[in-house]
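# Overview (structure and organization)
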Amino acid sequence: MDYRYTVAQGPALSQINADALLVILCSDHATTGDPAVDALAQEALASRDWDLKAGKVLYLHRPVGVKAPRLVLSAAADSSAKAFKAAVVKALAAIKERDVAHLAVIAGAGLTLDAAHAQALVLAVADVGYVYRHTKPSAPKASGLHKVTLVGTTDQAAGAKAGLSQGQAVAHGVTLARELGNRPANYCTPTFLAHEAKRLGKEFKHLKVDVLERAALEKLGMGSFLSVTNGSAEPPKFIILRYEGGAKSQAPIVLVGKGITFDSGGISIKPGAGMDEMKFDMGGAASVLGTFRAVAELKPKVNLIGLIPTCENMPSGTATKPGDVVTSMSGQTIEVLNTDAEGRLILCDALTYAERFKPAAVVDIATLTGACVVALGHVHSGLFSTDDELAQALLAAGQQAQDTAWRLPVDDEYGESLKSNFADLGNVGGREGGAITAAVFLSKFTKSYRWAHLDIAGSAWKSGGAKGGTGRPVGLLTQFVLTQAEAGNAAIQARPSETSKRAKLAAKVAKPAARVPRKTA
Ligand code: BES
Ligand code: MN
Ligand code: ZN
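Along each chain, residue indices are assigned from 1 in the same order as the chain's sequence is written. For naming, the first written chain is A and the first written ligand is 1, with later ones following in the order written. Two thresholds apply to this predicted model, a pLDDT of at least 70 for residue-level local features and 80 or more for giving and counting side-chain atom pairs, whereas whole-chain, interface and lining totals are computed over all residues. As a rule here, side-chain values come from all non-hydrogen atoms in the structure, and water together with hydrogens is ignored.

### Brief notes about the site of ligand 1
Applied cut-off: For this description, a residue counts as near a given molecule or strand if any of its non-hydrogen atoms is within 4 Å of it. Pairs of N or O atoms are called polar contacts if they sit within 3.5 Å, as long as, within protein, a hydrogen donor faces a hydrogen acceptor (for residues adjacent in sequence, only side-chain-to-side-chain pairs). What sets the accessible areas is the Shrake-Rupley method with a 1.4 Å probe; for residues, cover comes only from the shown protein chains. Under the grouping applied here, Gly and all other residues not named as nonpolar or charged are polar, the nonpolar ones being Ala, Val, Leu, Ile, Met, Phe, Trp, Tyr, Cys and Pro and the charged ones Asp, Glu, Lys and Arg.
Every one of the 16 residues lining ligand 1 counts as a neighbour, but Asp263, Lys270, Asp340, Glu342 and Gly370 are closest to it. For ligand 1, a nitrogen atom lies 2.9 Å from a polar atom in the side chain of aspartate 281. Isolated, ligand 1 exposes 510 Å² of accessible area, and the fraction of that covered by the protein chains is 76%. Of the residues in the shell around ligand 1, the class split is five nonpolar, four polar and seven charged.

The following block contains the structure:
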């Protein structure tokens, strides 16, 4: 898609050469300054063919006095970028089936076009235009829309142009994340995710990608991660992405994404209804890859590490059983009371691995708990952090990107139920406050750096008729990384590492029984 910014004002607006003109108006100022467009809008309002209520759209064919053969009027609730995006999405539905190759977008009086509005436009176009087709040959043809021109004044140009570029990069990342999420688990395996990461590494020169195989993970002592793979015939992978845009001395931000390509629950098997949606259990991994896609395109001056532990969670004769005790890379032992609480088991080892980067901050992203969906529904992602500054930065990034999060507590008191008689920790607490106990579990592995956890169980995909990945929270994460780059990591500085202390602890712990590899032939 080709995005442009053009300066035009007053009577020039109706003379813009495009296949369709989209005019976004909001209630207090239903004018554009162009007499032809304004007359049409006033007439439509007077005849009650259109209304200035959010969501109302009027499609006009061969509008009088307008050069473009189509005019779409769309009402926004207010002048915010959020309302602008919603109005664009509504209007795009009206031209979706029509032969529009070039769309020009005009914001009416009172709607100041800034970077956020421009970015919202790009994300709306990408969102509406996305079609999943990888395993669906009968999917509808892609729309013919290939050029979008945003029209505004000279003084808005710089901000709007920046917003268009950022929007395109984020849209590429969001689309990648949606595409990976939607791909069925028999296509999207850990091996496939590793290939996709490698492919990104080849495409962008500031991006390096390494993949650790089972033998390397055994050597590192990732007994918790590996315990989740015991029932699966698919080999696990540990993907490491490095984007080096900052000075060598600058501490990196580390993103850790849960990459369960299918979560059957394991021996603690899930009920059948809706189990297909557990192909989306790699949404955290997808959002990390999507964020790297966006960041590699925008090239901010920052260092970014991505860690993706990825495997399947399957039942079998070799699968981990409830009550088994595993030894994590940190040295802490874990009683696997429920094999369906597998996300935290793969994340904890990745979080320990993150220590070696002496990070400025670590953010993990995971479709971690059904309890988070109960708490927050599908609007906000759950945010958990022991660090107020980091939490604030992530919340603000979410607001800015219209990809919001809501903070929940991580007090140690919630961790009482994680006590075990047979290991340092159990992997589940009670049913109540389940999203929080999961976060408290993770916090036991993050003592040496600033850390936050995003539970995206409710935001990573949609169910029902519109079932599919959302690409969230690529918008939030990309905005967070860009803001940190601009601040030169000023807000978030590395804390002294406790790695040596942890290594000593790990050395003291008993080794688990060797795992007999599953025969797959
Ligand atoms: N991937 C699921 C979480 C999930 C469930 C996300 C439903 C979205 C919708 C996770 O691995 C899981 O199974 N969590 C369990 C934890 C429980 C056993 C403590 C859950 O939420 O039920
Ligand atoms: Mn599970
Ligand atoms: Zn899971």
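Resuming the write-up.
### What about the coordination of the zinc ion (ligand 3)?
Let me state the cut-off plainly: Listed donors are limited to N, O and S atoms within 2.8 Å of the metal, widened to 3.2 Å for Na, K and Ca; water is not among them, so incomplete-looking sites are possible. Angle rules define the geometry names used: all angles between 85 and 135 degrees makes four donors tetrahedral, while opposite donors over 155 degrees apart and all other angles between 65 and 115 make four donors square planar and six octahedral, leaving every other case irregular. Each helix is a run of DSSP H or I of at least 4 residues and each strand a run of E of at least 2, with the numbering of both proceeding from the N terminus. To sort residues, take the accessible area from a 1.4 Å probe on protein chains only and compare it with the maximum for the residue type: under 20% means buried, over 50% means exposed, and anything in between is partly exposed.
Coordination of the zinc ion (ligand 3) by the protein involves Lys258 (NZ), Asp263 (OD), Asp281 (OD) and Glu342 (OE), with metal-donor separations of 2.0 to 2.4 Å. Seen from the zinc ion (ligand 3), its six donor atoms lie at angles of 79 to 175°, and the figure they make is octahedral. Every donor residue of the zinc ion (ligand 3) comes from the same chain, spaced as K-x4-D-x17-D-x60-E. Taken as an interatomic distance, the gap from the zinc ion (ligand 3) to the manganese ion (ligand 2) is 3.2 Å; aspartate 263 donates to each of them. In this pair, lysine 258 sits in the loop between strand E9 (253-257) and strand E10 (259-263) while glutamate 342 sits in the loop between strand E13 (333-335) and helix H9 (343-353), placing the two residues 84 residues apart along the sequence. Overall, glutamate 342 belongs to the buried group, its relative accessible area being 1%.

### Re the packing of aromatic side chains
How we decide: Note on ring pairs: Phe, Tyr and Trp rings are taken, using the six-membered ring of Trp, and paired if centres are within 6.5 Å. Classes follow the plane angle, with under 30 degrees stacked, over 60 edge-to-face and the rest tilted.
Evaluated as defined, the whole model comprises five aromatic pairs. Consider the rings of phenylalanine 280 and tryptophan 461, whose centres lie 5.2 Å apart with planes at 15°: the pair is stacked. Here tryptophan 461 lies in strand E19 (residues 461-462) and phenylalanine 280 lies in the loop between E10 and helix H8 (283-298), a separation of 181 residues in the sequence. Seen in terms of ring centroids, phenylalanine 441 and phenylalanine 445 are 5.3 Å apart; in terms of plane orientation they differ by 40°. Their pairing is tilted. Taken as a pair, phenylalanine 441 and phenylalanine 445 share a single burial class, namely buried.

### Overview of the pattern of salt bridges
For clarity, the threshold we go by: Between Lys or Arg on one side and Asp or Glu on the other, a salt bridge is scored when a side-chain nitrogen of the former is within 4 Å of a carboxyl oxygen of the latter.
Counted by the stated rule, this structure contains 22 salt bridges. Arginine 293 is paired through a salt bridge with glutamate 203; the nearest N and O atoms lie 4.0 Å apart. Placement of arginine 293 in helix H8 and of glutamate 203 in helix H5 (residues 190-203) is noted, with a sequence separation of 90 residues between them. Between lysine 258 and glutamate 342 there is a salt bridge, with the nearest N and O atoms lying 3.1 Å from each other. Salt bridges here are not isolated pairs; linked through shared partners, they connect Glu203, Arg293 and Glu297.

### Quick word on the packing of helix H4 (residues 157-182) against H8
Put simply, the rule reads: Axes here refer to lines fitted to C-alpha atoms; in helices the fit is confined to the stretch in contact. Angles between the N-to-C directions go from 0 to 180 degrees. Any angle that falls under 35 degrees is termed roughly parallel, while one over 145 is termed roughly antiparallel, one within 65 to 115 roughly perpendicular, and all others oblique. Rotating anticlockwise by less than a right angle from the far helix to the near helix defines a left-handed crossing, while the corresponding clockwise rotation defines a right-handed one. Throughout, a contact is declared for two residues whenever any of their heavy atoms are within 4.5 Å.
Packing of H4 against H8 brings their axes to within 8 Å, and their N-to-C directions diverge by 155°. Accordingly, the angle class assigned to the pair H4 and H8 is roughly antiparallel. Remark: the crossing between H4 and H8 carries right-handed chirality. Residues Ser165, Gln166, Gln168, Ala169, Val170, His172, Gly173, Leu176, Ala177 and Leu180 of H4 touch H8, and the partners they reach there are Ala286, Ser287, Leu289, Gly290, Arg293, Ala294, Glu297 and Leu298. Of the residues contributing to the contact of H4 with H8, the split by class is nine nonpolar, seven polar and two charged.

### Side note on the coordination of the manganese ion (ligand 2)
Those protein atoms acting as donors to the manganese ion (ligand 2) are Asp263 (OD), Asp340 (O), Asp340 (OD) and Glu342 (OE), and they sit at 2.1 to 2.2 Å. The sequence pattern describing where the donors of the manganese ion (ligand 2) fall on their chain is D-x76-D-x1-E. With a relative accessible area of 3%, aspartate 263 lands in the buried category.

### Remarks on helix H3 (residues 115-129)
Let me state the cut-off plainly: By this rule, a helix spans an expected 1.5 Å times one less than how many residues it contains.
Between its first and last C-alpha, H3 extends 21 Å over 15 residues, near the 21 Å set by a 1.5 Å rise per residue. The set of residues buried in H3 consists of His117, Ala118, Gln119, Ala120, Leu121, Val122, Leu123, Ala124, Val125 and Val128. Considering only its buried residues, H3 is in contact with strand E1 (2-7), helix H2 (81-95), strand E5 (102-107), strand E6 (147-152), H4 and helix H13 (474-486). With a side-chain oxygen lying 3.1 Å from the backbone nitrogen of alanine 116, the N-terminal cap of H3 falls on aspartate 114.

### Some points on the sheet that holds E5
What counts, and what does not: Here the rule is simple: two strands pair whenever DSSP picks up at least two bridges between them.
What the six strands build is an open sheet, ordered E1-E6-E5-E2-E4-E3; its pairing is mixed. The sheet is open, and its two edges are formed by E1 and strand E3 (57-61), each paired on a single side. Strand-to-strand twist across the sheet, computed as the mean angle between neighbouring axes with direction ignored, equals 20°. Bridging between strand E2 (residues 20-26) and E5 involves five bridges; their strand directions are parallel. Bridge pairing in E5 places valine 23 opposite isoleucine 106. Seen against the sheet, H2 touches E2, E3, strand E4 (70-76) and E5 and runs at an angle of roughly 145° to E4. Strands E1, E5 and E6 of the sheet are contacted by H3, whose axis makes an angle of about 155° with E6.

### Some remarks on the pairing of strand E11 (residues 303-313)
With respect to burial, E11 is a largely interior element, 11 of its 11 residues being buried. Note that strand E8 (residues 237-244) and E11 share eight bridges and pair antiparallel. Note on E11: the bridge partner recorded for arginine 242 is isoleucine 305. Sheet topology note: the E9/E11 ladder contains four bridges and is parallel. Its bridge partner being in E11, isoleucine 253 is matched across the sheet by leucine 304. Both E10 and E11 contribute to a ladder of four bridges, which runs parallel. Directly across from glycine 259, in E11, lies its bridge partner threonine 310.

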